[in-house]
Amino acid sequence: MNRTQWASVTAVVLALLFAGGALTVASADRDRAPRTPTAESADAGFARDMSVHHQQAVEMSFIVRDRTKDEEVRRLAYDIANTQANQRGMMLGYLDMWGLPKVQSGVVPMTWMGMGVDVGGEDGELMPGMATRADLDKLRKASGREAEVLYLKLMTAHHKGGIHMAQGCVELCVPGVERDLAQGMVDGQESEIKLMADMLKARGA
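The text that follows walks through the structure, step by step, so that each part is easy to find. In this text the structure is predicted, and so the values were computed from the model without any measurement.

**Some points on the side chain of Gln84**
Inspection of the secondary structure assignment puts Gln84 in helix α3 (residues 71-98). A polar side-chain atom of Gln84 sits 3.0 Å from a polar atom in the side chain of His54. With residues up to four places along the chain from it excluded, the contact list for Gln84 reads His54, Ala57, Val58, His159 and Gln189.

What follows is the structure in structure tokens.
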């Protein structure tokens, strides 16, 4: 066999070895790739429950913007409403992408965390940290400093409940964009809790 023929054979052998290796890597990547979450998974449960949690934060923020002229509180309320509305849209988008329902009837909130905390009662507190209907009515009727203090207290409790749930996703959700989003919520809301503590102190509360 001459040199040219040896070169051709060598090229074919190398090509076959490369193809075999590529198939092995591709197969391994498929095995490691996260599977589509199920309706009962932590990923889906977090997306559903936190979407509800976020919606109330947006609602409270819009209420207080109409009940005070204080620019510091109005700016915070705008930031919270804008951030949480965007995050809510992302989580609902994940559920759409996974082909899962946005509402799962008959399932107690936070069951995916192993808690299954039913704090609904008659006054609408769906999950820990969430305001009751009476709280929201009181905020709608308040104005000025009273509205500011009430909003800051309600939102502090709301954030604490949200952080607890987001930490649950950080621990239980599949590594990826949603778990990263949950960690971002923890970091952002912890920072806002500190800011609100300073704002309450400045208002003598």
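**Remarks on the packing of aromatic side chains**
How two aromatic rings sit relative to each other is given by the distance of their centres and the angle of their planes. What the rule picks out here adds up to two aromatic pairs. Relative to Trp112, the ring of Phe46 lies with its centre 5.9 Å away and its plane at 75°, an arrangement referred to as edge-to-face. Pair noted here: Phe46 is in helix α2 (residues 42-65) and Trp112 is in the loop between α3 and α4 (133-141), with a separation of 66 residues, a long-range link. Residue classification places Trp112 among the buried positions, given a relative accessible area of 12%. Judged by centre distance (5.8 Å) and plane angle (25°), the rings of Tyr94 and Trp98 are stacked. Taken together, the residues span about one helical turn, with Tyr94 and Trp98 both in helix α3 at a distance of four residues. Trp98 carries the same exposure label as Tyr94, and that label is buried.

What counts and how
- Residues numbered from 1 in each chain as written.
- Predicted model: local features only at pLDDT ≥ 70, side-chain atom pairs only at ≥ 80, totals over all residues.
- Heavy atoms only, no water.
- Helix = DSSP H or I, 4+ residues; strand = E, 2+ residues; numbered from the N terminus.
- Polar contact = N/O pair within 3.5 Å; in protein donor to acceptor, adjacent residues only side chain to side chain.
- Contact = heavy atoms within 4.5 Å.
- Phe/Tyr/Trp six-rings, centres within 6.5 Å; stacked < 30°, edge-to-face > 60°.
- Buried < 20%, exposed > 50% of the residue type's maximum accessible area, 1.4 Å probe, protein only.

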